[in-house]
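# Topology and contacts: notes
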Amino acid sequence: MTHFKTLGLTAALMLGTSGYALAESHAMTLEGGQATNMVLLPKFLGILVFDQANEGAQEAHAELANPGALLFVGPTPENSVAGQIEIMTTAATQGQGAVMLSNNAGDQIAPAAEAAQAAGVRVVTWDSPIPSGAGEDVFVAQVDFGSIGVVMADMAHSILGGAGEMAVLSATPDAANQNAWIAAMQETLASDPKYADISLVDIVYGDDQAEVSYNRALALVDSHPALGLIMAPTTVGIQAAAKAMQDEGMCDQVKTSGLGLPSEMVSYTMNGCAPEFALWDFRDLGYLTYYTAYGLATGQLTGEIGETFVAGRMGAFTIEEDPGRPGQKRILMGPFTVYTSANVEAAAQ
Ligand code: RAM
């Protein structure tokens, strides 16, 4: 590590006074080959995007030649909150170097995360943070959370032609990511008169389980006869809602939008049930999260604001204050892709 730090400093001096060159040279290159055991902990097992995040983490694990183990462990959907807390608690006693958590337990997991930190485990959240930030070293944010609110409000505006009723079909009630995104969408809807004729009439939870989400979508249509759009900020919910509307022959009347995976949504986009949705790359998110956690667990990163490092093929990233959680830290990945019939087939390959 010292070797790389020295190189960085020399490069900075040689490149002279250009701010850009100086900043680039300050990006630390992490030294591979250091042993640390790490756990990738999704909300629960069985969701395709979490498997993709694991692929990205495995790629980084191999690239950094970490002789330690990378485990992909998660609870069942029914036992997500208690199961995540239990896995976090076990990580501390097992002497893991880092836990990488997509939090589905709200602030309830904070005491277990704090105990893990006290036992020397670095806690890096990704996808879904710990709302209070307690017990968390840094959050790897897929995209800016405020911008998710704007993207969803704009998709609603375009699908509804500027006016109509919309309902949200979310994941679990404790999912910090979905809760923040729904709040950001509500703020956006209230912030600009262009959204004045769109009304958000309901928010329901399908628990990120296909069957529960499907039934919640059907119930929404029953209780809101004038509904024009189901907005599901979850890859499980959006697919289930689109299928429910298709099965009922209702896609002309009630559209589906939100955050979805192209391979799971392509048929619904091409047949008009879900004309527009958005997402980011979960493989990249797993890859960047692994680099971050490896840097912290091996002591090469301290986790302070302003620290900049190179995450392999993805380039340089900087730890900054999280604008959505003052006093907490994030690393911002980005970008978003909005999918329509024009690009979804290529992305679904
Ligand atoms: C589901 C999960 C995940 C979320 C995506 C959009 O897969 O709830 O946390 O990021 O949807």
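Since the model is a prediction, treat every value here as computed from it, not as a measurement. (Residues numbered from 1 in each chain as written. Predicted model: local features only at pLDDT ≥ 70, side-chain atom pairs only at ≥ 80, totals over all residues. Heavy atoms only, no water.)

### A closer look at the nonpolar core
The following threshold applies: By nonpolar core is meant a set of buried Ala, Val, Leu, Ile, Met, Phe, Trp, Tyr and Cys residues that side-chain atoms within 4.5 Å join together. Burial classification: accessible surface area is computed with a 1.4 Å probe over protein chains only, and a residue below 20% of its type maximum counts as buried, one above 50% as exposed, and the rest as partly exposed. In this text, helices come from DSSP runs of H or I with a minimum length of four residues, and strands from runs of E with a minimum of two, each type numbered from the N-terminal end. As used throughout, domain bounds are those supplied by an automatic or database domain assignment. Throughout, a contact is declared for two residues whenever any of their heavy atoms are within 4.5 Å.
Residues Ile148, Met166, Ile230, Met245, Trp280, Tyr290 and Phe309 are the most contacted members of the largest nonpolar core, which totals 90 residues. The leading source of residues in this core is helix H11 (residues 282-297), at nine residues. Counting contributing residues per domain, this core is built from domain 1 (17-143 + 281-333) and domain 2 (145-278), each supplying no fewer than three. Apart from the residues within four sequence positions on either side, tryptophan 280 is in contact with Gln142, Val143, Ile148, Trp181, Leu259, Leu285, Met333, Pro335 and Phe336. Ranked by size, the runner-up nonpolar core spans 17 residues in total, among them Ile87, Ala91, Val121 and Ile130.

### Regarding the pattern of salt bridges
Our working definition: The rule for a salt bridge is simple: a side-chain nitrogen of Lys or Arg has to be within 4 Å of a carboxyl oxygen of Asp or Glu.
On inspection of all chains with the given rule, the structure shows 10 salt bridges. Residue glutamate 59 pairs with arginine 313 through a salt bridge whose shortest N-O separation is 2.8 Å. Here arginine 313 lies in the loop between strand E12 (308-310) and strand E13 (316-318) and glutamate 59 lies in helix H3 (residues 48-63), a separation of 254 residues in the sequence. The partly exposed category is assigned to glutamate 59, whose relative accessible area is 32%. With relative accessibility at 45%, the residue arginine 313 sits in the partly exposed group. Here the salt bridges share partners, and the residues they tie into one network are Glu59, Asp284 and Arg313.

### Section: the site of the ligand
To keep it simple, the criterion reads: Consider each residue's heavy atoms; a residue with any of them within 4 Å of a molecule or strand counts as near. Two N or O atoms form a polar contact when they lie within 3.5 Å of each other; inside protein one atom must be a possible hydrogen donor and the other a possible acceptor, and for residues adjacent in sequence the pair counts only when both atoms belong to side chains. We get accessible surface area from the Shrake-Rupley algorithm with a probe of 1.4 Å; when it comes to residues, only the shown protein chains can shield them. Note on residue classes: Ala, Val, Leu, Ile, Met, Phe, Trp, Tyr, Cys and Pro are nonpolar, Asp, Glu, Lys and Arg are charged, and everything else, Gly too, is polar.
The environment of the ligand is formed by 15 residues, the closest being Lys43, Asp127, Gln178, Asp208 and Thr235. In this structure, aspartate 127 approaches the ligand through a side-chain N or O atom, which is 2.5 Å from an oxygen atom. At 3.0 Å from an oxygen atom of the ligand is found a side-chain nitrogen or oxygen belonging to asparagine 177. Taking 290 Å² as the accessible area of the ligand by itself, protein coverage stands at 100%. Of all the secondary-structure elements, those providing two or more residues to the shell around the ligand are H3 and helix H7 (176-191). At three residues, H7 tops the list of elements feeding residues into the shell around the ligand. For the shell around the ligand, the per-class residue count stands at eight nonpolar, four polar and three charged.

### A closer look at the domain arrangement of the chain
This is how the line gets drawn: A 1.4 Å probe defines the accessible area here, and the buried area is the portion of it lost by two parts on being joined, summed over both.
When the domains of the chain are assigned, the result is domain 1 (17-143 + 281-333) and domain 2 (145-278). Facing 21 residues of domain 1, the contacting portion of domain 2 comprises 18 residues. Taking both partners together, domain 1 and domain 2 bury about 1300 Å²; carbon and sulfur atoms supply 56% of that area. When the area that domain 1 buries against domain 2 is broken down by residue, the three leading residues are Lys43, Asn104 and Val143, summing to 28%. Counting the contacts that link domain 1 with domain 2 gives zero salt bridges. At the junction of domain 1 with domain 2, the criterion picks out nine residue pairs in polar contact (both at pLDDT 80 or more). At three residues, the largest contribution of residues to the side of domain 1 that touches domain 2 is made by H3. By residue class, the composition of the side of domain 1 that touches domain 2 is 11 nonpolar, seven polar and three charged.

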